[in-house]
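Survey of secondary and tertiary structure
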Amino acid sequence: MASSGGVRNGVGPRMSAKPDRQGFSATPKTAAGKQRLSSSAAAAGGAYRRTSSGPLPSRAASDGVSSRVRVAVRLRPRNAEELAADADFGDCVELQPELKRLKLRKNNWESETYEFDEVLTEFSSQKRVYEVVAKPVVESVMEGYNGTVMAYGQTGTGKTFTLGRLGEEDTAARGIMVRAMEDILADITHGTDSVSVSYIQLYMEMIQDLLDPVNDNIAIVEDPRTGDVSLPGATVVEVRDQKSFVDLLRVGEAHRVAANTKLNTESSRSHAILMVNVRRSVKGRTEMDVSISGENGHSSSMMGSLRPPIVRKSKLVVVDLAGSERIDKSGSEGHTLEEAKSINLSLSALGKCINALAESSPHVPVRDSKLTRLLKDSFGGTARTSLVVTIGPSPRHRGETTSTIMFGQRAMKVENMVKLKEEFDYKSLCRRLDIELDKLIAENERQRKYFDDEVERIRAEAQCGIAEAERECKITLENEKMKYHQEYLDSIRIMEEKWKVHQQSPKKQNKEAESTSNNTGEVHNLLQNEKMLRQSAEDEASDLKNQVSHWKKLEATATAEVVKLRKMLDAEASQKEKLEEEIDVLRSQLLQMSMEADETRRSLDKGDGPGKIFPGLDSLVSQTRGLQPREQSNGPKQPIAKLFEQVGLKKILSLLESEEPDVRVHAVKVVANLAAEEANQEKIVEAGGLTSLLTLLRSSEDETIRRVAAGAIANLAMNETNQDLIMDQGGVTLLSMTASDAEDPQTLRMVAGAIANLCGNDKLQTRLRGEGGIKALLGMVRCGHPDVLAQVARGIANFAKCESRAATQGNKVGKSLLIDDGSLPWIVKNANNEAAPIRRHIELALCHLAQHEVNSKDIINEGALWELVRISRDCSREDIRKLAYRTVTSSPTLQAEIRRLGIKM
Ligand code: ADP
Ligand code: MG
């Protein structure tokens, strides 16, 4: 019972408005049965636009069509009691059925007139009542709308008479329920449509199942989506025929709780509700599906089958309300007071709802009672509703009659919005698809069987064919064999005949044959010989072949052996080479160690020969010398002598170029030691040792190597021939380079020693000076080490001596090259050096320089004269003192200067 939004055909108690007569205006007499229903349905179709409320996504669900609740009033004839008791009184109502009016007398002179959709007199037949009140609703239900027929009135006024009479004794007495079902069953299509009923009563707010009384508290369930109410707990019985329906009604009636009241022994205080569910398939759609699921149209059938059929599920609700009279009048006793309250609860709630709907109140108290909840769709909902209000004629019940009439009047103002209850029938689609699927499965199985049978048949046929072919083939072969056998026999026979003929030929022929046979014998023998010869040749050839292959095998084995041996040999050779190298290294190391030991020993035993600048080498030389005549001596140089013999000079020199730095160092030391030995010097130079040493001086980065090499060169430079070679091989330049690069005083001592030796060669003076020998010598004084200075001084002395010797020999000589190269200042500075070796060499050098007159000027200018004078006076060595004195006094220039200075000699 929702608030109705439709247009209100308001009808007031004073005929203020005319209600439309739709539904109630049908004239029942003109038609009956199916024809009547369908015509009426067409009319209804014109009146109600089809709408849908079910889940039909393809169809737009409209809000429905406004349809007012139709209300008829029915007057019961006087009963026996009334006839007796009210005999003197008139009826309290007067009916004007043709005007559809009812006049309610207030008293003898005053009355109220009410208009209804239908006014049914006490003479109205049950059939007429059905047709005007219920039939339009039933037709509507068959169209797919919900419908409600309800009776309201005081107890005993004929509600049950109107709705529930079974009419078993008197057909004409059948009530609305029975007649409605008759019409429904007549209209449905058996097979596709179905009708089912539930029958309940509402008593003291409890819903009881009239078809199963044990079920006495059924819950109302509301669909949260649609708001539809249902009673899933109630028994639902499918109705197939009228008789079973009447039986159901009888069972239900027997179960109704009926309490005796004073008013009527049959009256009930419960509300009885019959619910008829009609389920109909929409025909057009069903027919199409049937036609397309024919035998040869599987695909189209499937396509069609996938579209769900449409189903209409409508419901007819017939409500036989409890009596509407007031409690005090009903004369209830005992717990019936509670009953009456409960009955009144539902009824008063219904009245309130209808009032609210009639007045378009925003709130309709549907939830106040179970009755109003159950009738939610009937008043203000989507159902088409007819109400029949029953009244009695007795003026004693005027009050009740009045209230009943007013209830009917209010109900006439209630608008419903009827909606078609149509939806897709997925269940039936699913069922049909299942059937379809089963059909296909069966068909598939049949076809498979047929296919298998067919395969089996073809296979059997093929086997028969093969057997047949084999048999035929066998026969043919047999025939062929026979034929050839026959031919063979024939040819044998012919041969035999020919042979016989041949045997019987004349003697002449025999002779010829004899000679021929002799010839043949000879030829045969020759042939035999040839054969034998050939056989033996073949045997021989094969024998040779075998031998060849045997030798080949042997050769291959031998070759492999040779290759193997060669490899082993190579490995051995390389191993040997390695070992030799190792031995060389070890030997040189041994040599070095013995040399070092020797040096140590030597250092304990000091000796400084003129021109010998390498004490280790000196000792080596001297000791080797000493050893030579006495081979058995146990001197320390024995290992070197032996080494020299064993290893060979060439090998030692080759080690100077070794990749291994250690080997090079050891080798150069060995060579240096050997070079200290005069006897070895020539061999060393011959074997290219000098060149190798000079190369080392040029190329080696290692200072030790350069130092030792320079020492070796110094020793070699003691020999005049070697001095020339050193000069020729650019030795002075190399020594000068080494002198300018080296920092180590020992290296400088070796280089200075080498140059000093060269300085002692008269023939090389100019070249030596030209190649920077003197400058290099003078450059080395930067070191300041006394050993180096001593060698420098010795070189200068050597050089000066050669120069003076040349001068005394009468060679035309210019100014001293030593003075040209700026040696005088250093000479003057060191002339009185603390170290005796330095001092002596310089004193000699000064004397030599002064002996040559061209040098006198420089000697004076550089202050050397003073030194000469001092030497001539103070020198501890007498020979030098005298030489100085002689020199100074024999030079005119120096004499003149001495005189000028006033020095006394
Ligand atoms: P309610 O159900 O309203 O209490 P009933 O249908 O039981 O009333 O009717 C009470 C009595 O009146 C019954 O005996 C019934 O046969 C009788 N009666 C009711 N209406 C009529 C009618 N229109 N014609 C003849 N008898 C009727
Ligand atoms: Mg009744």
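Whatever comes next refers back to the structure up there.
The text that follows walks through the structure, step by step, so that each part is easy to find. Starting afresh in each chain, residues are numbered from 1 along the sequence in its written order. Going through the entries in the order they are written, you letter the chains from A and number the ligands from 1. Given that this is a predicted model, residues contribute local features only at a pLDDT of at least 70 and side-chain atom pairs are listed and counted only at 80 or more, while totals for whole chains, interfaces and linings are drawn from all residues. With hydrogens and water excluded, all non-hydrogen atoms of the structure serve as input to the side-chain values.

Observations regarding helix α21 (residues 703-716)
- The helix and strand labels rest on DSSP assignments: H or I over at least four residues marks a helix, E over at least two residues marks a strand, and numbering proceeds from the N terminus. How far a helix is expected to stretch is found by multiplying one less than its residue total by 1.5 Å. Compared with the 20 Å implied by 1.5 Å per residue over 14 residues, the 20 Å span of α21 between its first and last C-alpha is a close match.
- Extensive coverage of α21 is indicated by the burial of eleven of its 14 residues.
- Turning to α21, its buried residues number three or more, namely Ile 705, Arg 706, Val 708, Ala 709, Ala 710, Gly 711, Ala 712, Ile 713, Ala 714, Asn 715 and Leu 716.
- In protein, a polar contact means a hydrogen-donor-capable atom and an acceptor-capable atom, both N or O and within 3.5 Å, with residues adjacent in sequence counting only if both atoms are side-chain atoms; elsewhere, any N or O pair within 3.5 Å suffices. You can read the cap of α21 off the contacts: a side-chain oxygen lies 2.9 Å from the backbone nitrogen of Thr 704, and it is on Asp 702. When a residue's accessible area, from a 1.4 Å probe over protein chains only, is under 20% of the maximum for its type it is buried; when over 50% it is exposed; and in between it is partly exposed.

Topic: the pairing of strand β14 (residues 310-320)
- With ten of eleven residues buried, β14 lies mostly within the body of the structure.
- Whether two strands pair depends on DSSP finding at least two bridges between them. In this structure, strand β7 (residues 147-153) lies alongside β14, joined through five bridges in parallel fashion. For Ala 151, the partnering residue across the bridge sits in β14 and is Asp 320.
- Of the pairings in the sheet, the one linking strand β13 (residues 271-281) to β14 comprises ten bridges and is antiparallel in character. Bridge pairing in β14 links Val 276 to Leu 316.
- As paired strands, β14 and strand β17 (residues 422-424) are joined by three bridges and run antiparallel to one another. By the bridge assignment for β17, Arg 312 is matched with Glu 422.

Structural notes on the nonpolar core
- Nonpolar core, defined: a set of buried Ala, Val, Leu, Ile, Met, Phe, Trp, Tyr and Cys residues in which side-chain atoms within 4.5 Å join the residues together. Counting 90 residues, the largest nonpolar core has Met 780, Ile 796 and Leu 846 as its most contacted members.
- Any two residues whose heavy atoms approach within 4.5 Å are treated as being in contact. Ignoring sequence-local partners within four residues, the contact set of Ile 796 consists of Leu 777, Leu 778, Leu 818, Trp 826, Ile 827 and Ala 845.
- In this structure, Ile 207, Leu 350, Ile 354 and Val 366 belong to the second largest nonpolar core, which totals 47 residues.

Section: the sheet that holds strand β4 (residues 101-107)
- With antiparallel pairing, the three strands of this open sheet are ordered in space as β3-β4-β5. Among the strands making up the open sheet, the edge pair consists of β3 (93-96) and β5 (110-115). On average, each strand axis in the sheet is inclined to that of its neighbour by 20 degrees, with strand direction left out of account.
- Where β4 and β5 come together, six bridges link them in antiparallel fashion. Comment: axis = line fitted to C-alpha atoms, over the contacting stretch for helices; angle = value between 0 and 180 degrees taken between N-to-C directions.

Observations regarding unusual backbone geometry
- Of note, Lys 100 is a non-glycine position whose phi angle comes to about 55 degrees, a positive value.
- Tracing the sequence through the fold places Lys 100 in the loop between β3 and β4.
- In this structure Lys 100 comes out as buried when scored by relative accessible area, which is 12%.
- The residue Glu 205 is not glycine, and still its phi comes out positive at about 60 degrees.
- Secondary-structure assignment places Glu 205 in the loop between β8 (194-203) and β9 (206-209).
- Using a relative accessible area of 18% as the deciding quantity, one classes Glu 205 as buried.

Re the side chain of Asn 416
- Mapped onto the fold, Asn 416 is located in strand β16 (residues 415-418).
- Side-chain polar atoms of Asn 416 contact the backbone nitrogen of Gly 380, separated by 2.5 Å.
- There is a polar contact of 3.3 Å between the side chain of Asn 416 and the side chain of Thr 385.

Details of the site of ligand 1
- Taken together, the neighbourhood of ligand 1 is formed by 14 residues, with Gly 156, Gly 158, Lys 159, Thr 160 and Phe 161 sitting nearest.
- At 3.3 Å from an oxygen atom of ligand 1 is found a main-chain nitrogen or oxygen belonging to Thr 157.
- Gly 158 has a polar backbone atom sitting 3.1 Å from an oxygen atom of ligand 1.
- Surface accessibility follows the Shrake-Rupley procedure with a 1.4 Å probe radius. Residue values consider only the protein chains on display as shielding. For ligand 1, whose accessible area on its own is 540 Å², the fraction buried by protein is 76%.
- For the shell around ligand 1, the element with the highest residue contribution is helix α4 (residues 159-164), accounting for three residues. Any residue with a heavy atom positioned within 4 Å of a molecule or strand is treated as near that molecule or strand.

Notes on the environment of Ala 864
- By the secondary structure assignment, Ala 864 is in helix α32 (residues 864-874).
- Residues within four places of Ala 864 in sequence aside, it is in contact with Leu 824, Val 828, Leu 846 and Ile 859.

Section: the packing of helix α5 (residues 176-187) against helix α6 (residues 242-255)
- Relative orientation of the contacting elements α5 and α6 amounts to 150 degrees, with a least axis distance of 10 Å. As far as their axial angle goes, α6 and α5 are roughly antiparallel. As α5 runs across α6, the sense of the crossing is right-handed. Within the contact between the two elements, α5 uses Met 177, Val 178, Met 181, Glu 182 and Leu 185 and α6 uses Gln 242, Phe 245, Val 246 and Leu 249. If an angle is under 35 degrees, it is roughly parallel; if it is over 145, roughly antiparallel; if it lies from 65 to 115, roughly perpendicular; otherwise it is oblique. A clockwise turn of the near helix away from the far one marks a right-handed crossing, whereas an anticlockwise turn of less than a right angle marks a left-handed crossing.

Description of the packing of aromatic side chains
- For Phe, Tyr and Trp, where Trp contributes only its six-membered ring, two rings pair if their centres lie within 6.5 Å, and the inter-plane angle classes them as stacked under 30 degrees, edge-to-face over 60, or tilted in between. Taken as a whole and assessed by the stated rule, the structure comprises two aromatic pairs.
- The interplanar angle of 5 degrees and the centroid separation of 3.6 Å between the aromatic rings of Tyr 152 and Phe 407 together place this pair among those described as stacked. Placement of Tyr 152 in strand β7 and of Phe 407 in helix α12 (residues 398-411) is noted, with a sequence separation of 255 residues between them.
- Given the relative accessible area of 9%, Tyr 152 is considered buried.
- For Phe 407, a relative accessible area of 2% puts it in the buried group.

Concerning the pattern of salt bridges
- When a carboxyl oxygen of Asp or Glu lies within 4 Å of a side-chain nitrogen of Lys or Arg, that pair is called a salt bridge. The full count for this structure, using the stated rule, is 43 salt bridges.
- Between Glu 720 and Lys 763 there is a salt bridge, and its shortest N-O distance comes to 3.2 Å. With Glu 720 in helix α22 (residues 720-728) and Lys 763 in the loop between α24 (745-759) and α25 (765-770), this pair connects stretches of sequence that are 43 residues apart.
- Glu 720 sits in the partly exposed class, given a relative accessible area of 47%.
- Arg 767 serves as the salt-bridge partner of Asp 728, at 3.2 Å between the closest nitrogen and oxygen. In this pair, Asp 728 sits in helix α22 while Arg 767 sits in helix α25, placing the two residues 39 residues apart along the sequence.
- Note on Asp 728: relative accessible area 53%, which makes it exposed.
- The network of salt bridges with common partners includes Glu 168, Lys 243, Asp 247 and Arg 250.

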